[in-house]
Amino acid sequence: MLTLINVGTPLERPAAIAAENHVVIGVSDIAASRDGHVLPAEEHVARVLDFIRAWPREKPLVIHCYAGISRSTAAAYIAACALAPERDEAAIAEALRAASPSATPNPLFVAIADRMLGRDGRMVAAIARIGRGADAFEGTPFSLALA
């Protein structure tokens, strides 16, 4: 389980998830610096990439954030791009939109991952093409296939 949440937010790991199978990344859902918040940075994306690359794939990977709309959808998109490097970024973005109408992946997370994965701006462009998701207070759980 991968948790992306503001630093200091109370969090209880489900008992069914072993501590070594849970990573918490303390980062705010922002794309520009704001006082009192943690701006997504390369170190956060690196931790996402490290965790998903170490995932053994025998069981589902759960990625969540506070509302399930921005940080977690960015991480799911990043995971799909990283674990299927041959797959087209636009196809992954379209699959994300089909799976989650409210998905609005954090653009800074995506831009950092795009650079780190050597996707030459294609991830950023694909997310821009699907645009902002439908207005929602919280996202609905969804599944995003890697292939």
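The rules we used
Residue positions are counted from 1 within each chain, in the order its sequence is given. In keeping with the model being predicted, local features are shown solely for residues with a pLDDT of at least 70 and side-chain atom pairs are shown and tallied solely at 80 or more, while totals for entire chains, interfaces and linings include all residues. No hydrogens and no water enter the side-chain calculation; it runs on all heavy atoms of the structure. UniProt positions are given in the numbering used here, feature names are shortened, and annotations may be inferred rather than shown by experiment. By definition, any uninterrupted DSSP run of H or I lasting at least four residues is a helix, any uninterrupted run of E lasting at least two residues is a strand, and each is numbered from the N terminus. Paired strands, in this sense, are two strands between which DSSP finds at least two bridges. Note on contacts: a residue pair is in contact if any heavy atoms of the two residues lie within 4.5 Å. Under this scheme, a helix contributes an axis fitted over its contacting stretch, all axes are lines through C-alpha atoms, and angles between N-to-C directions fall in the 0 to 180 degree range. Residues belong to one nonpolar core when they are buried, are Ala, Val, Leu, Ile, Met, Phe, Trp, Tyr or Cys, and are joined through side-chain atoms within 4.5 Å. Think of it in three bands: residues with accessible area under 20% of the maximum for their type are buried, residues over 50% are exposed, and the middle band is partly exposed, with areas taken using a 1.4 Å probe on protein chains only. By definition, a salt bridge exists where a carboxyl oxygen of Asp or Glu is found within 4 Å of a side-chain nitrogen of Lys or Arg.

Quick notes on the UniProt feature "domain: Tyrosine-protein phosphatase" (unreviewed entry) in the protein chain
(1) Moving on: UniProt's feature table lists "domain: Tyrosine-protein phosphatase" (unreviewed entry) at residues 42–90, given in the numbering used throughout.
(2) Moving on: Taken end to end, residues 42–90 comprises 57% helix and 4% strand; its first and last C-alpha atoms sit 23 Å apart.

So, the sheet that holds strand 2 (residues 23–26)
(1) Moving on: Here we have 3 strands laid out as an open sheet, ordered 2-1-3, and parallel in their pairing. Only two strands of the sheet have a single partner each, and these edge strands are strand 2 and strand 3 (63–64).
(2) Moving on: Across the sheet, helix 1 (residues 42–54) touches strand 1 (2–5) and strand 2, and the angle it forms with strand 2 is around 165°.

Points about the nonpolar core
(1) Moving on: Of all hydrophobic cores here, the largest spans 36 residues; its most connected members are Leu-2, Leu-4, Val-48, Tyr-77 and Phe-109.
(2) Moving on: Broken down by secondary-structure element, the contributors of at least two residues to this core are strand 1, strand 2, helix 1, helix 2 (71–83), helix 3 (89–99), helix 4 (107–116) and helix 5 (122–130).
(3) Moving on: Here this core takes 10 residues from helix 2, the largest share from any one element.

Topic: the pattern of salt bridges
(1) Moving on: What the rule picks out here adds up to 4 salt bridges.
(2) Moving on: Ionic pairing is found between Glu-89 and Arg-122, a salt bridge with its closest N-O pair at 2.9 Å. Within this pair, whereas Glu-89 is found in helix 3, its partner Arg-122 is found in helix 5, the two being separated by 33 residues in sequence.
(3) Moving on: Salt-bridge contacts for Asp-120 lead to Arg-122; the nearest nitrogen and oxygen are separated by 3.6 Å.
(4) Moving on: Arg-122 gets classed as partly exposed once you look at its relative accessible area, which sits at 38%.
(5) Moving on: Beyond isolated ion pairs, a larger network of salt bridges with shared partners links Glu-89, Arg-119, Asp-120 and Arg-122.

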